[in-house]
Amino acid sequence: MQDSVLTLLYIHFYARISFWKTIFVLFFPFTLPHYECDECHMLRNTYFRRSSIGFSCLFCLYEYSSFFVSHQPFFPFNFLFWSFRFSFFLFFHGFDDLILVEHKLSARILILNRPKQLNALSFQMVSRLLELFYDYESNSDVKLVVMKGNGRAFCAGGDVAAVVRYANGDNWKLGAKFFEIEYQMNYLMATYSKPQISILNGIVMGGGAGASIHGRFRVATENTVFAMPETALGLFPDVGASYFLSRLPGFFGEYVGLTGARLDGAELLACGLATHFVHSSKLTSLEEALCKVESSDTAAVSAIIDKYSEQPLLRENSAYHRLDIINKCFSRRTIEEILSSLEREAMNTADDWISATIQSLKKASPTSLKIFLRLIREGKVQGVGQCLVTEYRIVCHVLRGDFSKDFFEGCRAILLDKDRNPKWEPSKLELVTDRDVDIYFSKVDEEWWNDLRLPKRFNNLPAWAISKL
Amino acid sequence: MDRASWRTQVLSKHLLHSSSPAILQPNACLHYSPPELSAPFAFDIKEMRNLMDGHNLEDRDWLFGLIMHSNLFNPRRLGGRVFVSPDFNQSMEQQREMTMRRIEYLLDRGVFQGWLTGTGPEFELKRFALHEVLGMYDHSIAIKLGVHFFLWGGAIRFLGTKRHHDKWLRDTENYMIKGCFAMTELGHGSNVRGIETVATYDSSTGEFVINTPCESAQKYWIGGAGKHATHTIVFSQLNVNGNNQGVHAFIAQIRDSDGNTCPNIRIADCGHKIGLNGVDNGRIWFDNVRIPRENLLNSVADVSPNGQYLSTIKDPDQRFAAFLAPLTFGRVTIAVSAVYTSKISLAIAIRYALTRRAFSITPTGPEVLLLDYPIHQQRLMPLLAIVYAMSLAANDLKMMYVKRTPESNKTIHVVSSAYKATFTWNNMRILQECREACGGQGYKTENRVGHLKGEYDVQSTFEGDNHVLMQQVSKALLAEYRANQKKNKPFAGLGLEYMNKPQPTIPSLLTSSTIRSSQSQIDIFHSRERDLLSRFAAEVSEYQAKGESAESAFIQSFQLAEDLGRAFSERAVLQTFMDAESTLPAGSLKNIFGLLRSLYALTCLDEDASFLRSGYLSRDEAVEVRKEVTKLSSELRPHALALVSSFGIPDAFLSPIAYDWIDSNAWASVEH
């Protein structure tokens, strides 16, 4: 407590900012919009306005203060400096138990640490990840970032239950804030200048895919269970899925996104969502080897992972063996045509896989299906940034309940009441017209609302990141 | 940057209160800087794309995806991106086979559903959109489809009656049969009325006998006839009981379903061409081929079993015009596809100019970006304005076409002729400029721009030679003018209503507010057209007064006729631009539209000497206009990327130099 008070005094004193504003910024940063800090050029919500410079974030202010204090040996309130440092640490690292950071030589290992909730991403976690990724990018000591999950999941998605809790009614802004930060994180990862290696040893769903697939390397194991199950939840595959799913071979992305089908490690590797397959027993040694890497050279990193990799066999009834049928049916222009072509296939061949696929399409929210089909088709012809901007528009309309309220119904049925029997509204595909879907792709009609602001990127991006722009 | 120096930098900025960008480190190697990162777009490119594409964006994106995700479309991975384009290294025969296989794939995916059996503006717009996307992939596939659906299918639809519709349309849509359209002959192209093929009615068997009487009557350039087509529309002179009834259209089978040529038909190939080698153009000779009486497309005229010629249209001129109706659609399609080709080449050239540097201004300074050179701006930005103008006008033409009524047919004929000619000429000019602007890279086939020149060159010839079409335009305008002069009929239609008002006084263009005002721009365009029209009419009358025939007088006045055609077209385009601009709400989009519209208008003013000749542009003003073009070009420079991104062309349909051309040319990307 004492530390916090001293911090307030310090900032108040040195940055010449009103006391109340200091308190506000320190304790309610998540309610604030993100601005670009004029010093470090990063998007922050922890900013202060300084008279002649403009916006400075707390991080830069912190750098400033440490300089100021340490260069004045006779400064009478030297202790203030240390208490500032300490409370700063507490404030920003206070959530650290949700994301553990291991400092290795040139690597940083980030561990999603919320095992009871299958590492579902909370607002604090995405904010923290965003900050960490920013910091590692400018820190030349860091050459690569390894991400993994604690427990049986890598990450089961965004903490949508929490989003729904505080996004009900007029408070949809708060929910939008979560997605804004999450999508900014997705964009940063997609265009990251250093290799991110995600160890997908367990469940990877929704937001978890967004926190890993965009990175340069994705290591699947025999424990990997991947899915984008949003259409069954009345949401739609987001977190940049319209970019990465639309780049899968043929129309596999449409299949994965619309049906929410589960993929295992071998399938993930086959379709390209994973770059490597490593048996979980070798993960410890892989990690050790990665920690010895001293450059960001992707070829070198790739060579190391290759050493531990193997070529897994696709299981016999894998969906990937049915790529022909998937291409034939999921390439159709509309959901209705996709369904009817699947039904035609079902009549010709008795295949449980086809009937399961039809079932999952019929169980999903009709609105979600239509939104996602248009989204992924648009995504094929756009860069990752544009994809996220569009997804942000859609998610804002979803949170506002502008056309359908299926997201809230889906969360109720699957996450809260758990009766697994959502009542979609509109209940049938033919009741969702193109005009209705248009609403989701339009700008939100609020004066304060803006399109997603993408984090500023620099000119030193590696070729593989440039190709996603 | 390590932590310590980052801190120093932050601190020094605090202390110096400066906001200079990070110090540039001298780097021996060029690094590709994505233009996307330099500045955010000043307007919403999605809204702009809506205006550019105009309709069916979802259908377009779907088809883009279908193409990008099939190996049939020859995807190549370069610089981390996939590019699709036919393999032009393949032999002519292979390219033709690939075109056909691609069509079969698209057919299987339901792309052509309703292309012939569907009706109504919605179907027609969707068909336009899908056809445009296919043309952006490859001109050959667009032409091959155009011949089958729009010429063969269109002829059956427009010239045939129910019995033809029932028999052929569904089979055509499903490619059970493959159609072609045999109109042009070796001896006759634009002058269709002069063709020499003869169909004689034999009342004893109830058959027509189609014959090629001489070598100049061989059907020439018949797309699809070289290899694949099973049926053809034959245009020939109809001979009933020894009377020539003029040009009529018939259906004849030329191959069986196994691809063997039918008896009494001879087919030869047109050989290798400077483009469109994925289309099997062929030549056909008919040796007294007998076809049933029902194969006459009889919506305009019919022959009864006992050999009576029956026609609802008595005037042979009007009857002939009715036979050419299917060609209107072709002209609309060509005008639109020229615009999309220009979009592709400009998107490539501008993206390249935003990443390629050449020469430094100072000895140690960085090399200058191509598009930062005023000359490069002046080469490309006016073309960008022209493409925007053409794009809006093409959308307008499409809307006119799908909402056509018997009354609007004439307007559509005139406007589509004018746009087909001017847009295809503009396109060739844009392609050439873009090719040069891309330097040596523009010469590589994989970079598309140069290759498109050969592919699209034909547009100024097929479906009506551009000059012939321009004459049609000036002829139609002359008829309007004479009707007004002689019968005192006020001008109505073709945008000529302004002629009913007295000539307005045109404010001097020498101030920067009038030079950019849409009213003064359209006024001066009106004046040019009015001036040319009256001078053209006067000159034709003068020749006629000297005893020349109407045709000969018209031929003699060719200069004014051509100028008038151009003036009409440019004025109509500017008018659509202004109309589109006026419907926009105030905001960034409208502002950009204003700049583009001014740049389009002033580029026309700068380039056409007929403004000076008419006297409505003074010498000083002409100098001022030229300066303003430079100014506008540099004002639009910051929006260049946003403007080409608004075309909505996926990266796969552009080319490696439009993106990371260093990576796509790296040793690692060479196939070892």
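Residues numbered from 1 in each chain as written. Chains lettered and ligands numbered in written order. Predicted model: local features only at pLDDT ≥ 70, side-chain atom pairs only at ≥ 80, totals over all residues. Heavy atoms only, no water.

Attention now goes to the overall build of chain A. Scanning chain A from terminus to terminus reveals 21 helices and 14 strands. Per-residue burial over chain A gives 62% buried out of 469 residues. Put simply, of all contacts in chain A between residues at least 6 apart along the chain, 69% involve residues at least 24 apart. Of the roughly 18400 Å² of accessible surface on chain A, 55% is carried by carbon and sulfur atoms. (Helix = DSSP H or I, 4+ residues; strand = E, 2+ residues; numbered from the N terminus. Buried < 20%, exposed > 50% of the residue type's maximum accessible area, 1.4 Å probe, protein only. Contact = heavy atoms within 4.5 Å. Areas by Shrake-Rupley, 256 points an atom, 1.4 Å probe, with all protein chains shown as cover.)

Residue and element names in this part refer to chain A. Positionally, Asn-113 belongs in the loop between strand E6 (107-112) and helix H5 (123-138). Exposure remark for Asn-113: the relative accessible area of 16% places this residue in the buried category. Discounting residues that sit within four places of it in the chain, Asn-113 has contacts with Asp-97, Leu-98, Leu-100, Asn-119 and Asn-150.

In this section: the sheet that holds strand E5 (residues 99-103) of chain A. Residues and elements named next belong to chain A. The strand order E5-E6-E7-E9-E11-E14 describes an open sheet built from 6 strands, whose pairing is mixed. Edge positions in the open sheet fall to E5 and strand E14 (276-277), since each of these has one partner strand only. The pairing of E6 with strand E7 (residues 144-149) spans 6 bridges and is classified as parallel. Across the sheet, the residue bridging to Arg-108 is Val-145, located in E7. (Pairing = 2+ DSSP bridges.)

Given 3.6 residues to a turn, an α-helix orients residues that are three or four positions apart in the same direction. The end-to-end C-alpha separation of H5(A) is 23 Å, in line with the 22 Å expected for 16 residues at 1.5 Å each. H5(A) sits mainly inside the fold: 14 of its 16 residues count as buried. (Expected span 1.5 Å × (residues − 1).)

There is a patch of like positive charges on the surface, built from A:Arg262, A:Lys363, A:Lys418 and A:Arg420. With respect to the helices and strands, the residue A:Arg262 is situated in the loop between helix H10 (252-259) and strand E13 (263-264). (Patch = residues over 30% accessible without salt bridge, like charges linked within 9 Å, V, L, I, M, F, W, Y side chains within 5 Å. Salt bridge = Lys/Arg side-chain N within 4 Å of Asp/Glu carboxyl O. Lys, Arg positive; Asp, Glu negative; His and termini not counted. Charge placed at Lys NZ, Arg CZ, Asp CG, Glu CD.)

Pairs may arise between side chains of opposite charge once their charged atoms sit close together. A full pass over the atoms with the stated rule returns 63 salt bridges over all chains. The partner of A:Glu446 in a salt bridge is A:Arg400, with the nearest N and O atoms 2.7 Å apart. One end of the pair, A:Glu446, is in the loop between helix H20 (434-441) and helix H21 (463-466); the other, A:Arg400, is in helix H18 (residues 384-400), with 46 residues separating them in the sequence. Through salt bridges that share partners, B:Arg49, B:Asp53, B:Arg60, B:Asp61, B:Glu132 and B:Lys398 make up one connected network.

Attention now goes to the confidence of the model for chain A. Residues and elements named next belong to chain A. Chain-level statistics for chain A give a pLDDT mean of 85 and a share of 78% at 70 or above. Within the model, the stretch residues 49-54 combines pLDDT values under 50 with 20 contacts to residues more than four positions away or in other chains. Long-range and interchain partners of residues 63-76, a stretch whose pLDDT sits below 50, account for 21 contacts in this model, where long-range means more than four residues apart. (pLDDT = per-residue confidence, 0-100.)

The next subject is the pairing of strand E10 (residues 281-286) of chain B. Residues and elements named next belong to chain B. When you tally the buried positions in E10, you get 5 out of 6 residues, the bulk of the element. Inspection of the sheet shows strand E6 (residues 219-223) paired to E10 by 3 bridges, in the antiparallel sense. Residue pairing across strands places Lys-219 opposite Ile-284, the latter belonging to E10. Pairing between strand E9 (residues 265-269) and E10: 5 bridges, direction antiparallel. Across the sheet, the residue bridging to Ile-267 is Ile-284, located in E10.

Residues and elements named next belong to chain B. Pairing analysis gives 4 bridges linking strand E1 (residues 75-78) to strand E2 (residues 81-84), with the strands arranged antiparallel. When the sheet's bridge partners are listed, Pro-75 is paired in E2 with Val-84. What sits between E1 and E2 in their antiparallel hairpin is a turn of 2 residues, with Gly-79 showing a positive phi close to 60°.

In this section: unusual backbone geometry. The omega angle of the peptide bond from A:Glu425 to A:Pro426 is 0°, so this bond is cis rather than trans. Non-glycine residue A:Asn119 carries a positive phi angle of around 60°. Relative to the helices and strands, A:Asn119 is located in the loop between E6 and H5. For B:Asn264, which is not glycine, the phi torsion reads 65° and is therefore positive. Position of B:Asn264 among the secondary structure elements: in the loop between strand E8 (243-253) and E9.

A few words on the packing of helix H10 (residues 374-402) of chain B against helix H17 (residues 558-583) of chain B. All names here are of chain B. Viewed as axis vectors pointing N to C, H10 and H17 meet at an angle of 85°, and their least axial separation amounts to 9 Å. Taken as axis vectors, H10 and H17 run roughly perpendicular relative to one another. Touching Ala-385, Tyr-388, Ala-389, Met-390, Leu-392, Ala-393 and Asp-396 of H10 are Val-573, Thr-576, Phe-577 and Ala-580, all from H17. (Axes fitted to C-alpha atoms, helices over the stretch in contact; angles between N-to-C directions. Parallel < 35°, antiparallel > 145°, perpendicular 65-115°, else oblique.)

To continue, consider the confidence of the model for chain B. Looking at chain B, the pLDDT average stands at 93 and 96% of residues meet or exceed 70. With a pTM of 0.89, the predicted complex shows an ipTM of 0.89.

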